[in-house]
Amino acid sequence: MGRPLVCDDLWASIEPLLPPPPSRPKGGRPRRDDRAALGGIVFVLRSGIPWEMLPAEIGCSGMTCWRRLRDWLAAGVWDRLHRVLLERLADAEHLDWGRCSLDSASVAAKKGGSQIGPNPTDRGKPGSKRHLVVDREGTPLGVTLSGANRHDSMMLAPTLDAVPGVRRGRGRPRRRLVKLHADKGYDHKRCRRECRARSITPRIARRGVESSQKLGRHRWVVERTFAWLARFRRLAVRYERRADIHMAFLKLGCALVCLNQIKRFC
C-alpha cells in the first residue's frame, strides 16, 4: 500500500471526536478498528475507486467504511474535525479573517440524486455546484452544496453561515469575516445587504465596470483551493446519489486541506 493512509496528525485530531462504540452482547462480533475504517474512507476519497473494490489490505470492508462515513457525519464528526483544525491554525496566528474570498465550482453528477440540476455550462447535463469561502491563504472556512442550475448569488448567505465558530483563547468563538471578495456573479444589492447584515464589508466585482480579463488580486486563492480539492478523485466527479454522503467527502477534503495548511505554516 506504500505510505500510510491515515497520518498520525489526522488520527490524533479525529480520535477524540469519534462517538463511543455501541455496546455488544457477550460473544458478539467484535467492532472493527476505527483507524482502519478511516484509512478506507481516505483511500476512497483520494483514489475515487468504488467501495466494493477497496483493497483487503486496509483491514476494513467497503460497506463498513461507508457506514462509518455515514454515522460519523450524523454524529457531526466531520464538522468538529474541520473546526478543530481551524482552531489550530488560529492559535498559530495563520487564520486570516481580514480578506476572504467566495466562489463556486460545478461538477458532473453521474448517478443523479438530490441537490442536482441541469448544468448550464455543460450542455444541461446533471451536476452539482460547490460554494466555498476561504481566508486570505486559501484555507477553507465554509462549504455548501446546491444544484448546478442554482445561481451563485442565492447561496452567498448559506455559505457564510456555514463557517463554524472558531475559538481562540478566551471569549466567544469567531465566525465573522472582515472583508469578502467575490466575482460579478454576486453583483446584487441583496448580496451586499446580506454581507452588511453579518457585519462583513463586501468587495464584489461590478458588472460593466471592472474587467473580467483576470481573476483578481485576491480572489485567486479560492480557485487554488478548488484545485486542491479536485486532487481528491472522489470529488472530481460526484458519484454519490445521496447529497449528505457527498458532503461528508467534501468536508473531509476541506479538513485534509486544513491539515496541509497546518503542516505548511505551523
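The residue count restarts for each chain, going from 1 along the sequence in the order it is written. Local features in a predicted model are, by the rule used here, given only for residues with pLDDT of at least 70; side-chain atom pairs are given and counted only at 80 or more, and totals for whole chains, interfaces and linings are based on all residues. Working from all heavy atoms in the structure, the side-chain values ignore hydrogens and water.

Here's the deal with the pattern of salt bridges
Stated precisely, the cut-off is as follows: Criterion for a salt bridge: a side-chain nitrogen of Lys or Arg within 4 Å of a carboxyl oxygen of Asp or Glu. The numbering of helices and of strands both runs from the N terminus, where a helix is a DSSP run of H or I of at least 4 residues and a strand a run of E of at least 2. Categorising residues by exposure relies on relative accessible area from a 1.4 Å probe, with only protein chains included: less than 20% of the type maximum marks a residue as buried, more than 50% marks it as exposed, and the intermediate range marks it as partly exposed.
Applying the stated rule across the entire model yields 13 salt bridges. A salt bridge links Lys 251 to Asp 79, with the nearest nitrogen and oxygen atoms 2.9 Å apart. In this pair, Lys 251 is assigned in helix α9 (residues 243-265) and Asp 79 in helix α4 (residues 77-91), connecting sequence segments 172 residues apart. The exposure class assigned to Lys 251 is buried, which follows from its relative accessible area of 18%. Linking Glu 240 and Arg 234 is a salt bridge whose minimum nitrogen-to-oxygen distance equals 2.6 Å. The same class applies to Glu 240 as to Arg 234, namely buried.

Concerning the side chain of Lys 129
As a reminder, the rule being used: Under the rule applied, a polar contact is a pair of N or O atoms within 3.5 Å (in protein, one hydrogen donor and one hydrogen acceptor; residues adjacent in sequence only if both atoms are side-chain atoms). Note on definitions: a residue-residue contact is assigned when non-hydrogen atoms from the two residues lie within 4.5 Å.
Position of Lys 129 among the secondary structure elements: in strand β3 (residues 126-134). Looking at Lys 129, its side chain comes within polar contact range of the side chain of Asp 152, at 3.0 Å. When neighbours within four sequence positions are excluded, Lys 129 is seen to be in contact with Ser 104, Ala 105, Ser 106, Thr 144, Leu 145, Ser 146, Gly 147, Ala 148, Arg 150 and Asp 152.

Details of helix α3 (residues 62-74)
Quick note on the threshold: To estimate how far a helix should extend, the number of its residues minus one is multiplied by 1.5 Å.
Over its 13 residues, α3 extends 19 Å from the first C-alpha to the last, a length consistent with the 18 Å expected when each residue adds 1.5 Å. When we look at burial in α3, the residues that qualify are Gly 62, Thr 64, Cys 65, Trp 66, Arg 68, Leu 69, Trp 72 and Leu 73. Where the residues of α3 are buried, they touch α2 (34-47), α4 and α9. The positive-phi residue at the C-terminal boundary of α3 is Gly 76, with phi of around 80 degrees.

A few points about the packing of aromatic side chains
Applicable threshold: Two rings from Phe, Tyr or Trp (for Trp, the six-membered ring) form a pair when their centres are within 6.5 Å of each other. A pair whose planes differ by under 30 degrees is stacked, one over 60 is edge-to-face, and the rest are tilted.
Scanning the model with the defined rule gives 2 aromatic pairs in all. Between Trp 51 and Phe 249 the ring centres are 5.7 Å apart and the planes differ by 25 degrees, which places this aromatic pair in the stacked class. One end of the pair, Trp 51, is in the loop between α2 and α3; the other, Phe 249, is in helix α9, with 198 residues separating them in the sequence. Exposure class is identical for Trp 51 and Phe 249. Each is buried.

Section: the pairing of β3
Residues in a regular strand point their side chains to alternate faces of the sheet. Defined as follows: Following DSSP output, two strands are said to pair if at least two bridges run between them.
Of all 9 residues in β3, 8 are buried; the element is thus mostly enclosed. In terms of strand pairing, strand β1 (residues 100-108) meets β3 through 8 bridges, oriented antiparallel. Looking at β3, one finds that Ala 105 is bridged to Arg 130. With 7 bridges joining them, β3 and strand β4 (residues 140-147) adopt antiparallel strand pairing. Bridging across to β4, Val 133 finds its partner in Gly 142. Adjacent in sequence and paired antiparallel, β3 and β4 are bridged by 5 residues, among which Gly 138 carries a positive phi angle near 90 degrees.

As for the environment of Gly 117
In this fold, Gly 117 is placed in strand β2 (residues 117-118). Between the C-alpha atom of Gly 117 and that of Pro 173, which follows or precedes it by 56 residues, the distance is 35 Å. Those residues within four positions of Gly 117 in sequence are excluded, and the remaining contacts are Lys 125, Pro 126, Gly 127, Gly 147, Ala 148 and Asn 149.

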